[in-house]
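# Working through the structure, step by step
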Amino acid sequence: MRRDDHHPTVLLIEEDPLVGLAVGETLAEAGYRVAGPLATQAQALAWMAGRAPDLAVIDLPLRDGDGSRLARALRARGVPFLVHADRSADACTELSLAPRLTKPAWHRDLVLVLDQLAREVRPE
């Protein structure tokens, strides 16, 4: 896992600025480095052009699509992610295979799922 000072970087894609700030704060308090929140998959893909996060949280739906382009890009780079969504149906396999928390989810649950994904990528 790519780590900076032993803190994994989480790419946070969240359309709602207030929710993004709250989730980002929770993740930072849990020891994650947070990239974002970014509001669209286009912004996330641009951020990923020169780097890759360790993990990602994807809000759905996004104003610029169903998240499938972003999910495919993350899978291609081997980046585990969770879906934090308003609804349960997904348009693509990459999204449907990811862990999912339906909004509103407890922030501690987001951290627990990310911790599990981090352990799966790099067992202790």
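Here the structure is a predicted model, which is why all the values come from computation and not from measurement.

When the UniProt feature table is mapped onto this chain, "modified residue: 4-aspartylphosphate" (unreviewed entry) is found at Asp-59. Locating Asp-59 in the fold gives a position in strand β4 (residues 55-60). In contact with Asp-59, not counting residues within four places along its chain, are Ile-13, Glu-14, Glu-15, Asp-16, His-84 and Lys-103.

Below, the discussion takes up unusual backbone geometry. Here Gly-36 and Pro-37 are connected by a cis peptide whose omega angle stands at 15 degrees. Residue placement: Pro-37 occurs in strand β3 (residues 33-38). Cis geometry is adopted by the peptide bond preceding Pro-61, which originates at Leu-60 and carries an omega value of 0 degrees. Inspection of the secondary structure assignment puts Pro-61 in the loop between β4 and α3 (68-76).

All right, on to the nonpolar core then. Core analysis: the biggest nonpolar cluster contains 20 residues, and Leu-11, Ile-13, Met-48, Ile-58, Leu-70, Leu-74 and Phe-81 have the highest contact counts within it. Contributing elements (two or more residues each) for this core: β2 (7-13), β3, α2 (41-47), β4, α3 and β5 (81-85). At four residues, α3 tops the list of elements feeding residues into this core. Leave out the neighbours within four places in its chain, and Leu-11 touches Ala-35, Leu-38, Ala-44, Trp-47, Met-48, Pro-53, Leu-55, Ala-56 and Val-57. Judged by nonpolar contacts, the second largest core, of 15 residues, contains Val-10, Ala-105, Val-111 and Leu-117.

With 85% of its residues at a pLDDT of at least 70, the chain reaches an overall mean of 84. Contacts from residues 1-5, a stretch scored under 50 in pLDDT, to residues over four places away or in other chains number 14 contacts.

It is worth spelling out the environment of Leu-27 at this point. Considering the arrangement of structural elements, one finds Leu-27 in helix α1 (residues 17-29). The sequence separation of Leu-27 and His-107 amounts to 80 residues, and the corresponding C-alpha distance is 8.3 Å. When near neighbours in sequence (up to four residues on either side) are disregarded, Leu-27 contacts Val-10, Tyr-32, Val-34, Val-57, Val-111 and Leu-114.

With that out of the way, let us pick up the pattern of salt bridges. Using the criterion set out here, one finds one salt bridge in the structure. Notably, a salt bridge pairs Glu-15 with Arg-63, separated by 3.4 Å at the nearest N-O pair. One end of the pair, Glu-15, is in the loop between β2 and α1; the other, Arg-63, is in the loop between β4 and α3, and 48 residues separate them in sequence. According to the relative accessible area criterion, Arg-63 is exposed, its value standing at 59%.

The rules behind the values
Residues numbered from 1 in each chain as written. Predicted model: local features only at pLDDT ≥ 70, side-chain atom pairs only at ≥ 80, totals over all residues. Heavy atoms only, no water. UniProt positions renumbered as here; feature names shortened; annotations may be inferred. Helix = DSSP H or I, 4+ residues; strand = E, 2+ residues; numbered from the N terminus. Contact = heavy atoms within 4.5 Å. Core = buried A, V, L, I, M, F, W, Y, C linked by side-chain atoms within 4.5 Å. Buried < 20%, exposed > 50% of the residue type's maximum accessible area, 1.4 Å probe, protein only. pLDDT = per-residue confidence, 0-100. Salt bridge = Lys/Arg side-chain N within 4 Å of Asp/Glu carboxyl O.

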